[in-house]
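# Residue-level structural notes
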Amino acid sequence: MPNRFPNIEASIRVVLPKLGIFLDDLEGASCCPAPGVIRSFDELTWLALATRNLALAEMSGHDLITGCNGCYSTFKEALTEIREHPGRLRELQKVFKDMDIKFKGKVEARHVIEAIADLGPDKIRSVVTKKLEGIKVGVHYGCHLLKPSKNRPWKKTQNHTFLDELVEATGALSTPYKDKNLCCGAGGGVRAGQVELSIDIAKEKLNNLLDAGVDCIVNVCSFCHLQYETAQDMMNEELGEKKYNIPVLYYTQLLGLAMGLDPSELGLDTHVVDTKPLLDKIYG
Amino acid sequence: MTDDTSFEIIDNDDIDSDFVDEIVKAGADRIRTCIQCGTCSAVCPSGRLTAFRTREVIRKALLGLKEEVLASEDIWMCSTCYTCLERCPRQIKVTDAILIMRNMAVKHGFMLPEHRKTSQKLIQTGHAVPIDDKNRGLRKELGLDEVPPTTHADEKALNDVKEILKKTGFQELIESQEGQ
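## Examining the overall build of chain B
Of regular secondary structure, chain B possesses ten helices and zero strands. Helices and strands appear in chain B in the N-to-C order α-α-α-α-α-α-α-α-α-α. Here chain B has a C-alpha radius of gyration of 20 Å; the compact-globule value for 180 residues is 16 Å, and the former is much larger. Overall, the C-alpha framework of chain B stretches about 65 × 30 × 30 Å when taken along its three principal axes. In chain B, which comprises 180 residues, the share counted as buried stands at 41%.

Laid out in structure tokens, this is it:
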């Protein structure tokens, strides 16, 4: 996220403290590493780098928090692997030999939206100063936030509503659309390795979102975000017309607007898909 | 030989009876209980747009058609959405099985060029997606540190990461792909 979407990072850094959540930087962190690519190539490498990042958090005395479903998946799955197979930790200790990396596996990995969901919609309503009334939102949860469900903290295993409730707490309307729980098509190395297929999957969702007449998409993942931001441009270019123009917002950007923050402070003037139509509707 | 009327004959030489054992050992322990119901294919987002059939990959794995599975691009069409794993009536960790087969494919030299590039970036910078000039500029504009406090800003951390990638054999694995 810091390397690809500083605009989302800025929104997280400005919004979370206003909710009473204070962040420390995980200094020296590396790529999580990405569950779709690196885990597909060499599982031990994936587990070792994930554990190093988790260890940095554990040694700092804090839980690890991430704003990306991919990173979240890596850390949740790595913790599960280590806890279910204690032998893995010994295997990793050999890899970490002569490095000052100590790891007991006590740390937890959390998602930004998980921390916000813990506060609940009532808390969100209490910080909203500019209700986003009349704004139709297409909510996209993203696969790795929710699955595998046995390693996730949510109360339900499917048909989730927590993100819709958090969106509606801003005064906006979460609008139903066809195949809402379908994958964005970016994960699993597909975006890098099979671009056409990846964009075709996104196209299906974007067509459904267009049909539902949403004013914006709200997501909580840097990779889903990238997919919706860039796929629309690519599809327009292929079509030769500007058919796909749905602004793509990360949840803390939407919430920031509802808290009366300046759009530029939330990085909303730096998006690929122009956010102005949405902002005009809000401030209109 | 395949045409509309004859059955496809599997040659004994194409069957590696250890293939399933390897997949089981690596964690997809219930794969042998597959009843070929096709739920995995039915819920697959890639499968609804392409000829990729998860059920077929699992069947081929169970038959021991190692070379055919590992050399095929099919296993790289999975977006790892985990819906098949969630819905499998036999509780097979289908997505995990695909990840295991991908690991094997890479070891056998089957890796997409784009994936090799991503891996090289990780080896060089500690990030599969390193910072670029555009995002450096954007960070400054947004009032963030121009370089994030990751391996990008910490030489010792980057060296640790590089050391780990050597010890796990990742660097060698990726370098060995270059001639493929």
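## With respect to the overall build of chain A
On a plain count of helices and strands, chain A comes out with 14 helices and six strands. A compact globule built from 284 residues should have a C-alpha radius of gyration of about 19 Å, and chain A, at 19 Å, falls within 12% of that. When its C-alpha atoms are laid out on the principal axes, chain A stretches across 60 × 45 × 35 Å. The long-range fraction of contacts in chain A, counting pairs at least 24 apart against all pairs at least 6 apart in sequence, stands at 79%.

## Focus on the interface of chain A and chain B
With 50 residues of chain A at the interface, the matching set in chain B holds 49 residues. Counting residues per element, the ones that place at least two in the side of chain A that touches chain B are α1 (6-18), α2 (38-41), α3 (43-60), α10 (190-193) and α11 (195-211) of chain A. Broken down by element, the side of chain A that touches chain B gets its largest block of residues, six residues, from α3 of chain A. Here the side of chain A that touches chain B is built from residues that sort into 24 nonpolar, 16 polar and ten charged.

## Considering the packing of α3 of chain A against helix α9 (residues 155-167) of chain B
Geometry of a packed helix pair, given as the angle between the helix axes and the separation of the axes. Their axes nearest at 10 Å, the elements α3 of chain A and α9 of chain B cross at an angle of 155°. Comparing their axes, α9 of chain B and α3 of chain A come out roughly antiparallel. Remark: the crossing between α3 of chain A and α9 of chain B carries right-handed chirality. Between α3 of chain A and α9 of chain B, the contacting residues are Thr45, Ala48, Leu49 and Arg52 of chain A on the first element and Val161, Ile164 and Leu165 of chain B on the second.

## Quick look at the pairing of strand β3 (residues 136-139) of chain A
All names here are of chain A. Here β3 runs beside strand β4 (residues 173-174); their pairing, made up of two bridges, is parallel. From the neighbouring strand, Val137 faces β4, where its bridge partner is Ser174. Sheet topology places β3 next to strand β5 (residues 216-219); three bridges connect them, and they run parallel. Bridging from a neighbouring strand, Val137 pairs with Cys216 of β5.

## What about the confidence of the model for chain B?
Model confidence for chain B is summarised by a mean pLDDT of 95, while 97% of its residues fall at 70 or above. Reported confidence for the predicted complex is 0.96 by ipTM and 0.96 by pTM.

## A word on the domain arrangement of chain B
Once the domains are mapped, chain B shows domain 1 (12-107) and domain 2 (113-175). Just the C-alpha atoms count here: the centres of domain 1 of chain B and domain 2 of chain B sit 31 Å apart.

## Some remarks on helix α4 (residues 69-84) of chain A
An α-helix turns once every 3.6 residues. As a result, residues three or four positions apart point the same way. Here α4 of chain A contains 16 residues, and its C-alpha end-to-end distance of 22 Å stays within 8% of the 22 Å for a straight helix at 1.5 Å per residue. Most of α4 of chain A is tucked away, with twelve of its 16 residues classed as buried.

## Re the environment of Gly87 of chain A
Residue and element names in this part refer to chain A. Within the element layout of this structure, Gly87 appears in helix α5 (residues 87-95). Its 8 C-beta neighbours within 10 Å are what place Gly87 among the exposed residues. With 13 residues separating them along the chain, Gly87 and Asp100 place their C-alpha atoms 20 Å apart.

## A word on the domain arrangement of chain A
Residue and element names in this part refer to chain A. Here chain A is partitioned into domain 1 (6-12 + 22-111) and domain 2 (112-283). On a C-alpha basis, the centroid separation for the pair domain 1 and domain 2 is 26 Å. Tallying the contact residues gives 22 residues for domain 1 and 27 residues for domain 2. Of all elements in the fold, only α1, α4 and β2 (109-111) reach the threshold of two or more residues within the side of domain 1 that touches domain 2. When residues of the side of domain 1 that touches domain 2 are assigned to their parent elements, the largest contribution, seven residues, is made by α4.

## Section: unusual backbone geometry
Residue Pro33 of chain A is reached from Cys32 of chain A by a cis peptide bond, and omega for that bond is -5°. Among the secondary structure elements, Pro33 of chain A is positioned in the loop between α1 and α2. In this model, Gln36 of chain B sits at a positive phi of 60°, which is unusual for a non-glycine residue. The phi dihedral of Thr80 of chain B is positive, around 55°, even though this residue is not glycine. For Thr80 of chain B, the position within the fold is in the loop between α4 (66-71) and α5 (83-87).

## What to know about the environment of Leu210 of chain A
For Leu210 of chain A, the position within the fold is in helix α11. Sequence spacing of Leu210 of chain A and Tyr177 of chain A is 33 residues, and the spatial spacing of their C-alpha atoms is 9.1 Å.

## Considerations on the nonpolar core
Counting residues in each nonpolar core, the largest one holds 138 residues, and the members touching the most others are Leu54 and Phe75 of chain A together with Ala97 and Met101 of chain B. Residue contacts for Leu54 of chain A: discarding those within four places in its chain leaves Leu64, Phe75, Ala78, Leu79, Phe103, Val107 and Ala109 of chain A.

## Regarding the pairing of β5 of chain A
Every second residue of β5 of chain A is oriented toward a common face, with Cys216 and Val218 of chain A on one face and Ile217 and Asn219 of chain A on the other, all of them buried. Remark: the β5 of chain A/helix α12 (residues 222-239) of chain A/strand β6 (residues 248-250) of chain A crossover connection has right-handed handedness.

Quick notes on the rules
Residues numbered from 1 in each chain as written. Chains lettered and ligands numbered in written order. Predicted model: local features only at pLDDT ≥ 70, side-chain atom pairs only at ≥ 80, totals over all residues. Helix = DSSP H or I, 4+ residues; strand = E, 2+ residues; numbered from the N terminus. Rg over C-alpha atoms; globule rule 2.2 N^0.38 Å. Buried ≥ 20, exposed ≤ 12 C-beta atoms within 10 Å, placed from the backbone. Contact = placed C-beta atoms within 7 Å. Nonpolar A, V, L, I, M, F, W, Y, C, P; charged D, E, K, R; others polar. Axes fitted to C-alpha atoms, helices over the stretch in contact; angles between N-to-C directions. Parallel < 35°, antiparallel > 145°, perpendicular 65-115°, else oblique. Left-handed = near helix turned anticlockwise from the far one by under 90°. Pairing = 2+ DSSP bridges. pLDDT = per-residue confidence, 0-100. Domains from an automatic or database assignment. Expected span 1.5 Å × (residues − 1). Core = buried A, V, L, I, M, F, W, Y, C linked by C-beta atoms within 7 Å. Right-handed = clockwise from strand over helix to strand, strands pointing away.

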